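Descriptive analysis of the structure
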Amino acid sequence: MKRLTVLYDARCPLCVHLRHWLMRQPRLVPLDLVPAASEEARRRFPALDHRATLEEITVIGDAGQVYRSTAAWIVCLWALAEHRPKAHWLASPAGLPFARVTVLAAARWREATGAGAPDPDCRDGRCEVPAGAPGAPG
């Protein structure tokens, strides 16, 4: 895999926080973080159920692989230099229950807090790279 596209809900404070965290991490695989159901997401992936991408994190591989929910979080960690070993463990029979519980807890927190306003750094499917992130301007 040479590149991953992460579709995240730009109206969700937790999702936006995790987007910014992902952008600050050293990556082994480049990540394109695109707001779910945005014009950019619809242009890149016209056959995808974009309403469903607002309900759970969705990651698309460069060969068309689609990962959702727990698998999506694991593949995101797999793309990060410092977290690949943890991703391997989370994908194992020993780690998968922990990964599922963590994703379920995040989903419950997200549901309890409700969706917020769109990420101000994201417009028309384009998000600014947070200051200090690899590739950020100056």
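Look a little higher up for the structure.
Predicted model, so just to flag it, every value in this text is computed and none were measured.

Looking only at helices and strands, the chain has six helices and six strands in total. Going through the 138 residues of the chain one by one, you find that 41% of them count as buried. For the chain, contacts bridging at least 24 residues in sequence account for 66% of all contacts bridging at least 6. Accessible surface computed for the chain: about 7,800 Å², of which carbon and sulfur atoms make up 57%.

The biggest cluster of nonpolar side chains holds 24 residues, and the ones touching the most others in it are Leu4, Val6, Leu31, Leu33 and Val59. Elements with a contribution of two residues or more to this core: β1 (4–8), α1 (13–24), β2 (31–35), α4 (69–78) and α5 (84–90). Here this core takes five residues from α4, the largest share from any one element. Look past the residues within four positions of Leu4 in its chain and what remains in contact with it is Val29, Pro30, Leu31, Asp32, Val59, Ile60, Gly61, Val75 and Ala79. Membership of the second largest hydrophobic core comes to seven residues, among which are Leu7, Ala41, Phe45 and Ile60.

The four strands are arranged β2-β1-β3-β4 in an open sheet whose pairing can be described as mixed. Both outer strands of the open sheet, β2 and β4 (66–68), are each paired with one neighbouring strand and no more. Across the sheet, the mean angle from the axis of one strand to that of its neighbour is 20°, orientation sign disregarded. The pairing of β1 with strand β3 (residues 58–61) spans four bridges and is classified as antiparallel.

A full pass over the atoms with the stated rule returns one aromatic pair. Positioned above the aromatic ring of Trp78, the side-chain terminus of Arg84 is 3.9 Å from the ring centre.

Relative to the helices and strands, Trp109 resides in helix α6 (residues 96–113). Given the relative accessible area of 43%, Trp109 is considered partly exposed. Sequence separation between Trp109 and Leu14 is 95 residues; the distance between their C-alpha atoms is 8.6 Å.

Attention now moves to the pairing of β3. A regular strand places its side chains on the two faces of the sheet in alternate fashion. The side-chain alternation of β3 yields two buried faces, one formed by Thr58 and Ile60 and the other by Val59 and Gly61. When β3 meets β4, the two strands line up antiparallel, connected through three bridges. Residue Thr58 lies in a different strand from β4, and its bridge partner there is Arg68. Between β3 and β4, which follow one another and run antiparallel, lie four residues, and Gly64 among them has a positive phi close to 90°.

A separate point is the pattern of salt bridges. Within this structure, the stated rule accounts for five salt bridges. When the shortest N-O distance is used, the salt bridge between Asp9 and Arg11 registers 3.0 Å. As a salt-bridge pair, Arg44 and Asp32 come within 3.3 Å of each other at their nearest N and O atoms. Placement of Arg44 in helix α2 (residues 39–44) and of Asp32 in strand β2 is noted, with a sequence separation of 12 residues between them. Arg44 sits in the partly exposed class, given a relative accessible area of 31%. Of the residues examined, Asp32 reaches a relative accessible area of 17% and is grouped as buried. One network of salt bridges, with partners in common, ties together Arg3, Asp32, Glu40, Arg43 and Arg44.

Parameters at a glance
Residue positions are given per chain, counting from 1 as you read along its sequence in written order. Only residues with pLDDT of at least 70 get local features here, since the model is predicted, and only at 80 or more are side-chain atom pairs given and counted; chain-wide, interface and lining totals rely on the full set of residues. Note that the side-chain values use all heavy atoms of the structure and ignore hydrogens as well as water. The numbering of helices and of strands both runs from the N terminus, where a helix is a DSSP run of H or I of at least 4 residues and a strand a run of E of at least 2. Relative accessible area decides the class of each residue, using a 1.4 Å probe on protein chains only: under 20% of the type maximum gives buried, over 50% gives exposed, and in between gives partly exposed. A contact between two residues is defined here by any heavy atoms of the two lying within 4.5 Å. Calculation of accessible area relied on Shrake-Rupley with a 1.4 Å probe; when residues are assessed, cover is drawn exclusively from the protein chains displayed. What makes a nonpolar core is a set of buried Ala, Val, Leu, Ile, Met, Phe, Trp, Tyr and Cys residues whose side-chain atoms join them at distances within 4.5 Å. Pairing between strands is defined by DSSP: at least two bridges between the two strands are required. To define axes, lines are fitted to C-alpha atoms, for helices over the stretch in contact only, and angles between the resulting N-to-C directions are given on a 0 to 180 degree scale. When two rings of Phe, Tyr or Trp (its six-membered ring) have centres within 6.5 Å they constitute a pair, described as stacked for plane angles under 30 degrees, edge-to-face for angles over 60, and tilted for the intermediate range. For a lysine, the NZ atom is tested; for an arginine, the CZ atom; a charge sits over a ring if that atom is within 6 Å of the ring centre and within 35 degrees of the ring normal. Any carboxyl oxygen of Asp or Glu that lies within 4 Å of a side-chain nitrogen of Lys or Arg is treated as forming a salt bridge with it.

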